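# Architecture at a glance
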Amino acid sequence: MFRILELDSRRSAPTQVGEGFATRDDALAAVKRHLKRFKASGRNPEGSYWWTRDADGLRKCWISENREGAFDPVDAEAANGGQPGQARDPGK
C-alpha cells in the first residue's frame, strides 16, 4: 500500500493527500493529478519528491510505502533533503 505525503510551510509534520493506493504507479498518477492544481511545480533531479509553490508557500510531496502495517517513506532521505542511496550513520 502506498500513500502520498505532503509537507508545507505551515505545518511541521507531513499530511496525507488522498487515500492509500495499491501500487506505486497509482500513487504516482495521483501525485501528478495533485500537482496540476498548482501553477508552479517540479521535481528534484533524482525524482524522489515533487514540489509546488502557491500563495501559502512551498510544498513538498513524496510517496510513502506501507510495510507490514507501518508507513515508511520511500526515499525518505531524499525527501528530507539528504542524498538518495546514502546510508545514515545511526550513531549520529
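Residues numbered from 1 in each chain as written. Predicted model: local features only at pLDDT ≥ 70, side-chain atom pairs only at ≥ 80, totals over all residues. Heavy atoms only, no water.

On the surface, Lys32, Arg33, Lys36 and Arg43 cluster together into a patch of positive charge. Positionally, Lys36 belongs in the loop between α1 (24-35) and β3 (40-43). By relative accessible area, Lys36 is classed as exposed at 71%. (Patch = residues over 30% accessible without salt bridge, like charges linked within 9 Å, V, L, I, M, F, W, Y side chains within 5 Å. Areas by Shrake-Rupley, 256 points an atom, 1.4 Å probe, with all protein chains shown as cover. Salt bridge = Lys/Arg side-chain N within 4 Å of Asp/Glu carboxyl O. Lys, Arg positive; Asp, Glu negative; His and termini not counted. Charge placed at Lys NZ, Arg CZ, Asp CG, Glu CD. Helix = DSSP H or I, 4+ residues; strand = E, 2+ residues; numbered from the N terminus. Buried < 20%, exposed > 50% of the residue type's maximum accessible area, 1.4 Å probe, protein only.)

Scanning the model with the defined rule gives zero aromatic pairs in all. Here Lys60 stacks its cationic end above the ring of Tyr49, 4.5 Å away from the centre of that ring. (Phe/Tyr/Trp six-rings, centres within 6.5 Å; stacked < 30°, edge-to-face > 60°. Lys NZ or Arg CZ within 6 Å of the ring centre and 35° of its normal.)

The next point concerns the pattern of salt bridges. Taken as a whole, this structure holds six salt bridges when the rule is applied. Salt-bridge contacts for Arg59 lead to Glu6; the nearest nitrogen and oxygen are separated by 3.1 Å. Of the two residues, Arg59 is situated in strand β5 (residues 57-67) and Glu6 in strand β1 (residues 2-8); the sequence distance between them amounts to 53 residues. Judged by relative accessible area, which is 9%, Arg59 ranks as buried. Owing to a relative accessible area of 6%, Glu6 belongs among the buried residues under this scheme. When the shortest N-O distance is used, the salt bridge between Asp54 and Arg59 registers 3.0 Å.

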